[in-house]
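Residues per chain, in single letters:
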Amino acid sequence: MGPIRGARPLIFPPPGGFLGHLMAVIVSFSPLSEESGPKAEQYLFLLQDEAMLLLDAIFGGEERTYADPGSLALTLWDCLEKHVQQLLMRLQAT
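Predicted model, so just to flag it, every value in this text is computed and none were measured.

## What to know about the overall build of the protein chain
(1) Moving on: Helix and strand content of the protein chain: three helices and zero strands.
(2) Moving on: Reading the protein chain from its N end, one meets helices and strands in the order α-α-α.
(3) Moving on: The 94 residues of the protein chain split such that 28% are buried.
(4) Moving on: Considering only residue pairs separated by 6 or more positions, the protein chain has 65% of its internal contacts joining residues 24 or more positions apart.
(5) Moving on: Split by element, the accessible area of the protein chain, about 6,800 Å² in all, is 67% carbon and sulfur.

Below, the structure written as structure tokens:
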């Protein structure tokens, strides 16, 4: 498999925090098992990678965005829509 845009090493956050809960949800939907093939692993990697890109976008935004709750909600919704569309395109391309 060639390099993937935005690829990051897998992380294993401590349990109990936001990232720990997010990873638990991702793993609960994981199609990976002893019989699963490389395609399932690639899908899981893409899902984890896009989740990390989304978190980077959310927590790496400009500070002024977080000052107004109204604009924050709209900004976060737009960000979520963008990353869901990116994930769907990346999954279809595999």
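## Focus on the pattern of salt bridges
(1) Moving on: Taken as a whole and assessed by the stated rule, the structure comprises three salt bridges.
(2) Moving on: Residue R90 is joined to D49 by a salt bridge in which the shortest nitrogen-to-oxygen separation is 2.8 Å. Linking R90 in helix α3 (residues 69–93) with D49 in helix α2 (residues 38–59), this pair joins segments that are 41 residues apart in sequence.
(3) Moving on: D49 sits in the buried class, given a relative accessible area of 3%.

Definitions and cut-offs
Residues numbered from 1 in each chain as written. Predicted model: local features only at pLDDT ≥ 70, side-chain atom pairs only at ≥ 80, totals over all residues. Heavy atoms only, no water. Helix = DSSP H or I, 4+ residues; strand = E, 2+ residues; numbered from the N terminus. Buried < 20%, exposed > 50% of the residue type's maximum accessible area, 1.4 Å probe, protein only. Contact = heavy atoms within 4.5 Å. Areas by Shrake-Rupley, 256 points an atom, 1.4 Å probe, with all protein chains shown as cover. Salt bridge = Lys/Arg side-chain N within 4 Å of Asp/Glu carboxyl O.

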